[in-house]
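# Per-entry structural report
Below, each chain spelled out in residue letters.
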Amino acid sequence: MNYEELEKANGILNEIKEIDFHISRIEHPINRVRITLDDYFISFKEKYKQKFTAILKEIRDEKLKELNELGVTEND
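Residues numbered from 1 in each chain as written. Predicted model: local features only at pLDDT ≥ 70, side-chain atom pairs only at ≥ 80, totals over all residues. Heavy atoms only, no water.

### Re the nonpolar core
Put simply, the rule is: Within this scheme, the nonpolar core is defined by two criteria: the residues are buried Ala, Val, Leu, Ile, Met, Phe, Trp, Tyr or Cys, and they are joined through side-chain atoms within 4.5 Å. Buried means the residue's accessible area, taken with a 1.4 Å probe over protein chains only, is under 20% of the maximum for its type, while exposed means over 50%, and partly exposed covers the values in between. Each helix is a run of H or I in the DSSP string that is no shorter than four residues. Each strand is a run of E no shorter than two, and both are numbered from the N terminus.
With seven residues, the main nonpolar core is built from Ile19, Ile23, Ile26, Val33, Phe44, Phe52 and Leu56. Those elements that provide at least two residues to this core are helix H1 (3–27) and helix H2 (49–69). Counting residues in hydrophobic clusters, the runner-up holds five residues, among them Ile12, Ile16, Leu67 and Leu70.

Okay, here's the thing in C-alpha cells:
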C-alpha cells in the first residue's frame, strides 16, 4: 500500500467511524432523525429509525468493501 492508498484508507476509516457514531445516536431511544437541506428540514420519530439505521449500515458495508479493495483487513 502506498501513501496515496493509505491516505484514502484513513479517509474511508474516518467515514466508517462517523457512520458508527450516527448509528449509535439514531438507536438511542430519545433521539429522532432529522434531515436538513439548507433551510429545509424534516423530522422522523421512532417509526422510521430502523430504516435509517439499515441504510447507514448498508453504506458502512460499502465503505468496508472499499477498504478491502485497498488491502485493508480487520484484526483477527
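### Looking at the pattern of salt bridges
Our working rule: What makes a salt bridge here is a side-chain nitrogen of Lys or Arg within 4 Å of a carboxyl oxygen of Asp or Glu, nothing more.
Under the defined criterion, the tally for this structure stands at five salt bridges. The partner of Lys57 in a salt bridge is Glu27, and the shortest N-O contact between them spans 3.9 Å. On the criterion of sequence distance, the pair formed by Lys57 in helix H2 and Glu27 in helix H1 is long-range, its members being 30 residues apart. Since its relative accessible area comes to 47%, Glu27 is described here as partly exposed. Its salt-bridge partner being Lys63, residue Glu66 comes within 3.8 Å of it at the nearest N-O pair. With Glu66 and Lys63 both in helix H2 and three residues apart, this pair spans about one turn of that helix.

Bear in mind that shape data such as this cannot, by itself, settle questions of function.
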